[in-house]
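Listed below, chain by chain, are the residues.
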Amino acid sequence: MNEVPLTHILVLSTALFFIGMFGLFTRRNMITILMSVELILNSVNINFVAFNKYLFPEKLDGVFFVLFIIAIAAAEAALAIAIIINLYRNHQSIDVDDATEMKF
Amino acid sequence: MNYASYIFLIPLLPLAGFALLGLFGKKYFNESSGIIATVLILVSTLLSLYTAYNYFIAEGIINGAYPSITAFHTSWLSFSKNLSIDIGILIDPISVMMLIVVTFISLMVHIFSLGYMKGEKRFATYYAFLSLFTFSMLGLIISSNLFQIYIFWELVGVSSFLLIGFYFDKPSAVAASKKAFIVTRFADLGFLIGILLLGYYGESFEFSTLIRQLTDVQSSQSIAITTGTFAGISILTWGLILIFIGGAGKSALFPLHIWLPDAMEGPTPVSALIHAATMVVAGVFLVARLFPIFSLSEIALSVITVVGLSSTFIAAVIACTQTDIKRVLAYSTMSQIGFMMFALGMTGTENTLGYTASLFHLFTHAFFKSLLFLCAGTIIHFIHSNEISAMGGLKKYIPLTHLTFLIACLAIAGIPPFAGFFSKEEILLAAYNSNKLVFGIALLTSGITAFYMFRLYFSIFYNKQMEIQNPHSEGSFSIKFPLVVLAICSIVVGFIPFGNFVAADNKILESHLDFRFSFAPVVIGGLSILLAMYFYKNENDKPNKVASFWGKIYQAAFRKFYVDELYIFITKKIIFNFIGRPAAWIDKNIVDGLVNETARTIEKFSYMIKGIQSGKVQHYLLYFFGGIISLLIVFVYLWK
Amino acid sequence: MNLLIILLIPLLTAMALLFANSLKQIRFIALMGSVAQLIFSFVLFYFYRTEKNNGNTALFSFEQNYTWYAPLNINFHIGVDGISIAMILLTSFVVLAGVLVSWKEERLSKDFFFLLLFLSLGTYGFFISLDLFTLFFFLELAVIPKFLLIGIWGSGKKEYSAMKLALMLMAGSALVFVGLLGIYFNTNINGLHSFDLIQIANTQLPLAVQKLFFPFAFIGFGIFTALFPFHTWVPDGHSSAPTAASMFLAGISMKLGGYGCLRVATYLMPDAAQSYSTIIIVLAIIAIIYGAFATMMQTDLKYINAYSSISHCGFVLLGIGILTKTAINGAVLQMVSHGLMTALFFAVIGMIYDRTHSRQLSQLSGLLKVMPFISTAFVIAGLCSLGLPGFSGFVAEMTVFVGAWEKPDLFYRMVTIIACASIVVTAVYILRATGTAIMGPINNNDHLKLSDAAWYERLAAIVLITAIIAIGISPFWLTDLIGQSTDSIVNKLLNK
């Protein structure tokens, strides 16, 4: 069987990570930022699964970790959206630059 | 004889007076405070006389000399094994002699002040200060150790300060009191360093130990202090000269004399007590006390002679030109102290006449000079002015003052048989035996002394005839009594065979007057009196003519040879402007500036970096990410 | 004898204050508390003397040791020797006088007295600590109230001064802490690092460690006691502080530094003290003479006293730097003497300011006529400051001079002469202030209506004057008290 080499998967996850990172840095819209964070988390998930499959096929630690991350990502998304809604209520905007209360 | 049973009372009674009057006097017994203080000092005087009787007559000479007795001794503050400040009472001929002088003059001044200061609002305070001074002065003369003498030295200084500034709402009195304190304090700096030097090398502050160890050429202390040198002069000489500076400051010797004429701002009885008879001779007393050590150093003795002689002469010249009666007397005091000082300076190891003569003069001078001041007090009281120009023809108004003043003038001029004659003759004789040049200047000065004293006398009691409407009386009994007593003393104390009591080696010094020698000084004194009479007996313009004839020199003497101006220049201009001001400036601008600058820099820096806290989430993310990357680089690649 | 009492008295008084309802009660409680302190410190003194007379030769008496935090070997270890008792006596005198002069403080008086007592708590704790950590703890405790006292009840540019003082003193504490940690990590007693003063004193720290950490500890404590050039908090802090706080600052706080320099820096690191001695002496001499000249140019009474404090505290540092027994005795005497004298000075200046609302020399004159008691107290403080015999200042200064002179070296001779010269300058500025403000004619007619001291002010001044004169007349009881303790410090210096 002609297996996909590990490097391909790592390239994919790295690309995904930096796309997420780029979104994180450049977007002002909080929803987009949240989506970028999800991308980063998923790139990590891919890494976990890939390393588990290629390096320790007899174990399942990596898969378990992925499950944890997905669960936390869900919780985090809920929390983040709650924050965003609250911010929107206060500022009528979901632009991060509008929330400057904590600035010096 | 057990002196310890009562001698401590002599200084402590005035101290008790001070405490009592100082704390409660003003409130509870302002009026009677004078009596209280006078009674206390009277007891002290009687005890002093009793001591003197016991010491000189009843006990007398033991083993060929008067003994030095330490009547009381206790450790007060100990520093190390050898050095400690002790408090003790030393009884020897000079301290007993001084006890009599101080208590007696103080008693007279206390009595005089009863009338003179009557009606003064701060009557109790005045007597409290007088008592404080008497206590300090008595403590000084019975000191058994160098540090103790320094302690009381400072205390007399401060009592003098308080009394000069007694009329504290007069700016001139305040200035004079400050000046007196600071100038003597400056001199005391020398004294203190001298004490430290002698104490360190002599390994004791105690007079007896110090003298024993330093005069014994074999002792390690003596070797150390004479072989050690600084700037080419032995430590011994340095120490002695420094101590002498302290004495010169207190005794108003040139060039540290500038405070004395100004000190006349104090009440006149105070001038009589402190600035004529007792405190100002403390310097002479100090040198006499340490004389065995002073005699070890030729240089120190020469310094004393030169300083003493120049003070004598300069003060006499200035006295001729002054117009304030008390200032004339002040300069005359300075001149007479100069006499005492150079007499000490010329005392050699063989010929010790100078020592006796000096202390004899101190003794007689106390009586006639305090008398002069008290007379000046009654005159000022009568005229309400210090200026000679406001006086004249007072003979008929205040006859008793006139008579006593005349006696005192004759005494200071050295006319026999008054007291000053005997002591001055001895000094002149001592000078004649040791140095002819000194003798010449001294003789000239004694002529000038007679001249300016009689200038004062004739200007006040003769000269122009003042018409005084409703003259008030000369004064009450308490004013007249001291004048009479002191006048009698000024006549008789000269006949005391002083050499029998006080001599450099505590033995008896045989001295007899040689009347052939006395001839010249007496004639010169007499001529000077005649000269003064010629100028000042009647109102005329001869004095002015002479003054304008001397021109510049007269002006210089009148302005006290510009020493005051020099001091003011040094203190105000140089010390204030070149040391004080820069110090304050540096502190405010450089030292404190650095502190403020540090604070400002930190503030600026925090302003600078506060931009980092932009409030933009993405910026923080960037820092976070950058941080991780750099940590990665550090840990993965650079950390070896 | 339970030493904890001396901590409990101010603590309980402060707590009781919180429950007071009226100004009257506040005053009463504060006064009782400070009187209790004074009485207790005399009782302590008495018990200590008895103990010594009974032949107890232990260096520290009434020791108590509780574990505070075992893992780091931090203990609450207290005990006293002669020097601490002298300092405790000084503190209790100043506290009593400080409470008395603040009698009329009506603004937030509860908080004011609370802070005063809290400050005294920190001070007592500092003086009885035998554990470096405890010592540091109390040092910090004594700094904070000062900031509040100046910042809230001060006058003039009080925020600036409070900030400056707190920051500089905090910087000092930070340096001290570095020094303390340096000592801590270089001790090894039964396999543990130790903060315990007695244990450290019995061991020998390596020379390199001493040389490295001595400057931290010394400069740190030195800032408290106006070490040149870290003295600039003194004039600003003192002049802005309310009267009682000035008294505490100059009378007690500056002594924390001197005590620390002696007890921690010099006692624990004797070899380093020897090698840095010259630098300390030079700095002290600069402080003495330069402080004196700077004082001469001041026109504000509080500034005059603050700068003169710099000059006088120079004598403390000089005594410590000289490192002979006599000089160290002198340093301790000077601490006590200066504490009392300067507290009196500030108290009197406060009284004058309360009445005339001015501290400028140019606006004051002839006060002796209208307020004889206050003026007399001022003159007495001045005379003590210029070292007149009969007052404590003379004893202290002479002891330092003789101690400095004991070293047979031209350098020390010159130092002594310069130090002696400062007493002439002192006379100049004291007489300048006295001559202008106290003597002379009254220039301002408003001043004619002013009243003399009230009973509480009289009492405050009398308490301090009594102590000053007592030391001045019979210094031997104080030198006896501190003698054994300074011996132990000097022996440590000599036994290599």
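These notes cover the structure that comes with them. (Residues numbered from 1 in each chain as written. Chains lettered and ligands numbered in written order. Predicted model: local features only at pLDDT ≥ 70, side-chain atom pairs only at ≥ 80, totals over all residues.)

**Thoughts on the overall build of chain C**
Of regular secondary structure, chain C possesses 19 helices and two strands. The C-alpha radius of gyration computed for chain C amounts to 21 Å, which stays within 12% of the reference 23 Å derived for 496 residues, consistent with globular compactness. Among the 496 residues that make up chain C, the fraction classed as buried is 62%. (Helix = DSSP H or I, 4+ residues; strand = E, 2+ residues; numbered from the N terminus. Rg over C-alpha atoms; globule rule 2.2 N^0.38 Å. Buried ≥ 20, exposed ≤ 12 C-beta atoms within 10 Å, placed from the backbone.)

**Observations concerning helix α2 (residues 30-55) of chain A**
Residue and element names in this part refer to chain A. Between the first and last C-alpha of α2 there are 37 Å, a value that for 26 residues agrees with the 38 Å anticipated at 1.5 Å per step. For α2, the full list of buried residues reads M30, I33, S43, N45, N47 and F48. Those residues of α2 hidden inside the fold are in contact with α1 (6-26) and α3 (61-91). (Expected span 1.5 Å × (residues − 1). Contact = placed C-beta atoms within 7 Å.)

**Topic: the environment of N52 of chain A**
All names here are of chain A. Its location among the elements puts N52 in helix α2. Separated by 29 residues in the primary sequence, N52 and G23 place their C-alpha atoms 28 Å from one another. Ignoring anything within four residues of it in the chain, the contact list for N52 reads K59, D61, G62 and V63.

**Points about the pairing of strand β1 (residues 69-78) of chain B**
Two strands pair when backbone bridges link them, and β1 of chain B and strand β2 (residues 84-91) of chain B are joined in this way by eight bridges, in the antiparallel orientation. Note on β2 of chain B: the bridge partner recorded for L77 of chain B is I85 of chain B. (Pairing = 2+ DSSP bridges.)

**Quick word on the interface of chain B and chain C**
The interface of chain B with chain C comprises 33 residues on the first partner and 36 residues on the second. The set of elements that each furnish at least two residues to the side of chain B that touches chain C consists of β1, α5 (146-164), α6 (171-202) and α24 (563-609) of chain B. With twelve residues, α6 of chain B is the largest single contributor of residues to the side of chain B that touches chain C. Looking at the side of chain B that touches chain C residue by residue, the classes come out as 23 nonpolar, three polar and seven charged. (Nonpolar A, V, L, I, M, F, W, Y, C, P; charged D, E, K, R; others polar.)

**Some points on the nonpolar core**
Of all hydrophobic cores here, the largest spans 418 residues; its most connected members are A97, L344, A347, V348 and L464 of chain C. The element that contributes the greatest number of residues to this core is α6 of chain B, accounting for 19 residues. Not counting residues within four places of it along the chain, the set of residues in contact with A97 of chain C comprises M247, A343, A347, A460, V463 and L464 of chain C. (Core = buried A, V, L, I, M, F, W, Y, C linked by C-beta atoms within 7 Å.)

**Topic: the interface of chain A and chain B**
If you look at the interface, chain A gives eight residues, while chain B gives eight residues. Tallied by class, residues from the side of chain A that touches chain B come to five nonpolar, one polar and two charged.

**Some points on the pairing of strand β1 (residues 61-69) of chain C**
All names here are of chain C. Examined bridge by bridge, β1 and strand β2 (residues 74-80) share six bridges and lie antiparallel to one another. Across the sheet, residue T67 finds its bridge partner in β2, namely N75. Remark: four residues form the turn of the hairpin made by β1 and β2, two consecutive strands paired antiparallel; N73 in that turn has positive phi of roughly 60 degrees.

**Details of unusual backbone geometry**
Residue and element names in this part refer to chain B. Residue P255 follows F254 across a cis peptide bond; omega there is 0 degrees. In this chain, P416 is followed by P417 through a cis amide linkage whose omega measures 5 degrees. Note on placement: P417 falls in the loop between α17 (399-413) and α18 (419-434). Positive phi, close to 55 degrees, is recorded for A252, a residue that is not glycine. Relative to the assigned elements, A252 resides in the loop between α9 (235-250) and α10 (259-262).

**Considering the packing of α1 of chain A against α2 of chain A**
Residue and element names in this part refer to chain A. One can describe the packing of α1 onto α2 by two numbers: an axis separation of 8 Å at closest approach and a directional angle of 165 degrees. If you check the angle between α1 and α2, you find them roughly antiparallel. For the element pair α1 and α2, the recorded crossing hand is left-handed. Here the residues of the contact of α1 with α2 sort into 17 nonpolar, eight polar and no charged. (Axes fitted to C-alpha atoms, helices over the stretch in contact; angles between N-to-C directions. Parallel < 35°, antiparallel > 145°, perpendicular 65-115°, else oblique. Left-handed = near helix turned anticlockwise from the far one by under 90°.)

Remember that the coordinates give geometry; whether it matters functionally is a separate question.
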